[in-house]
Amino acid sequence: MDKLASSANEPAPEAGTALKERRAYQDIGNDLVQRIRAGEFHSTGKLPPERDLAAWYDVGRTVIRDALVMLDVKGLIDPRQGSGIYITRTAYQSIVPDDSLYETSSAIESKPPAAPFELLEARQIFESHIARLAAENATDSDLAAIEQAWTNHRGAHFAEPKEALDIQFHMAIAQATQNKELALLVNQLWHRRDDSPMWRNLHERVKEANYRDNWVTDHETILKALRKRDGDAAYVAMWQHIENVKTFLAESGAFADT
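Throughout what follows, the structure given in this document is the object of discussion. (Residues numbered from 1 in each chain as written. Predicted model: local features only at pLDDT ≥ 70, side-chain atom pairs only at ≥ 80, totals over all residues. Heavy atoms only, no water.)

**Quick word on the side chain of arginine 35**
Tracing the backbone shows arginine 35 in helix α3 (residues 24-37). A distance of 2.9 Å separates polar atoms of two side chains, one belonging to arginine 35 and the other to glutamate 40. (Helix = DSSP H or I, 4+ residues; strand = E, 2+ residues; numbered from the N terminus. Polar contact = N/O pair within 3.5 Å; in protein donor to acceptor, adjacent residues only side chain to side chain.)

**Things to note about the nonpolar core**
Residues Leu47, Ile173 and Leu226 are the most contacted members of the largest nonpolar core, which totals 64 residues. Considering each element in turn, this core owes the most residues, eight residues, to helix α14 (residues 231-251). Setting aside chain neighbours within four positions, we find leucine 47 in contact with Leu32, Ile36, Phe41, Leu68, Ile77, Ile85 and Ile87. (Core = buried A, V, L, I, M, F, W, Y, C linked by side-chain atoms within 4.5 Å. Buried < 20%, exposed > 50% of the residue type's maximum accessible area, 1.4 Å probe, protein only. Contact = heavy atoms within 4.5 Å.)

**Thoughts on the packing of helix α8 (residues 116-137) against helix α12 (residues 197-204)**
Contact pair α8 / α12: the axes reach a minimum separation of 9 Å and the direction vectors enclose 100°. Regarding the angle of α8 to α12, the classification is roughly perpendicular. Packed against α8, whose contacting residues are Pro116, Phe117 and Leu120, the element α12 presents Met198, Trp199 and Leu202 at the interface. Looking at the contact of α8 with α12, its residues break down into six nonpolar, no polar and no charged. (Axes fitted to C-alpha atoms, helices over the stretch in contact; angles between N-to-C directions. Parallel < 35°, antiparallel > 145°, perpendicular 65-115°, else oblique. Nonpolar A, V, L, I, M, F, W, Y, C, P; charged D, E, K, R; others polar.)

**Looking at the packing of aromatic side chains**
Inspection of the entire model under this criterion finds four aromatic pairs. With a centroid separation of 6.0 Å and an interplanar angle of 80°, the aromatic rings of phenylalanine 41 and tryptophan 56 are classed as edge-to-face. Linking phenylalanine 41 in the loop between α3 and β1 (46-47) with tryptophan 56 in helix α4 (residues 50-57), this pair joins segments that are 15 residues apart in sequence. Exposure remark for tryptophan 56: the relative accessible area of 24% places this residue in the partly exposed category. By way of ring pairs, the aromatic residues Phe41, Trp56 and Tyr57 are connected into one cluster. Over the ring of phenylalanine 117 we find arginine 65, and its NZ or CZ is 5.5 Å from the ring centre. (Phe/Tyr/Trp six-rings, centres within 6.5 Å; stacked < 30°, edge-to-face > 60°. Lys NZ or Arg CZ within 6 Å of the ring centre and 35° of its normal.)

**Section: the sheet that holds β1**
Ordered in space as β1-β3-β2, the three strands form an open sheet in which the pairing is antiparallel. Each edge of the sheet is formed by a strand with only one pairing partner; in this case those strands are β1 and β2 (77-80). Alignment of β1 against strand β3 (residues 84-87), held across two bridges, turns out to be antiparallel. Looking at the pairing, leucine 47 lines up with isoleucine 85 of β3. In the packing of helix α5 (residues 61-73) onto the sheet, the strands contacted are β1, β2 and β3, and the crossing angle to β2 comes to about 120°. (Pairing = 2+ DSSP bridges.)

**Considerations on the pattern of salt bridges**
A complete count under the given rule lists 12 salt bridges for this structure. The salt bridge involving aspartate 31 is made with arginine 35; its shortest N-O contact spans 2.8 Å. With aspartate 31 and arginine 35 both in helix α3 and four residues apart, the pair spans about one turn of that helix. As far as the burial class goes, aspartate 31 and arginine 35 line up, both buried. Arginine 65 is the salt-bridge partner of glutamate 50, the closest N and O atoms lying 2.8 Å from each other. Linking glutamate 50 in helix α4 with arginine 65 in helix α5, this pair joins segments that are 15 residues apart in sequence. As far as the burial class goes, glutamate 50 and arginine 65 line up, both buried. (Salt bridge = Lys/Arg side-chain N within 4 Å of Asp/Glu carboxyl O.)

What is shown is where atoms sit, not what they do.
Have a look at this one:
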């Protein structure tokens, strides 16, 4: 475990270690499967709580959450809110090769989507910089388009329409950078999220049907910073918005940890 824990917790990874860091949740997920099959958790029939697993592997809870989502998608665990992370019979019957699901091609277009919290972290870093650049480069028509997207999102009722308008708001900001390649990259991140079975699995566990209403105020804070052409404030507002999304999903009942 020490070897695995240290590899998953390298400080400030350089470009050469990016792939290794990106796969930390997979390594941990595979290790948990091996430990399950070895009978390590047989007495309880459950995995330790998320916070204990994070301490065990010496990684952040984001990595643990993605590892648990991966196992959940494969039917190897059954998280139950307020009760624990139960191990299913399937986990004792077979090992599903992780690499066959997540590393099937070297072409970026064909790579499977990232794990949910990993993807949110990528969006948080990238879109915060996008917001800063948009504050500096947006035209009056760009700002009008962003404000209209916010108005439409605020007025939508729930579910899919509001989800589509949420994406429209973020894309309007990306387009306001005046850089088509950056806008394309933001668009790809959203598509990778929508194509992810791990994301859909996590999303289906959210109990609050109208949770998207939570982001209206976040979007308004971003919009105000953009109107002022305050790049730093726009950066912070976008960062905090996606941090709020991460926190909500982690505490929404999608996991059994308390």
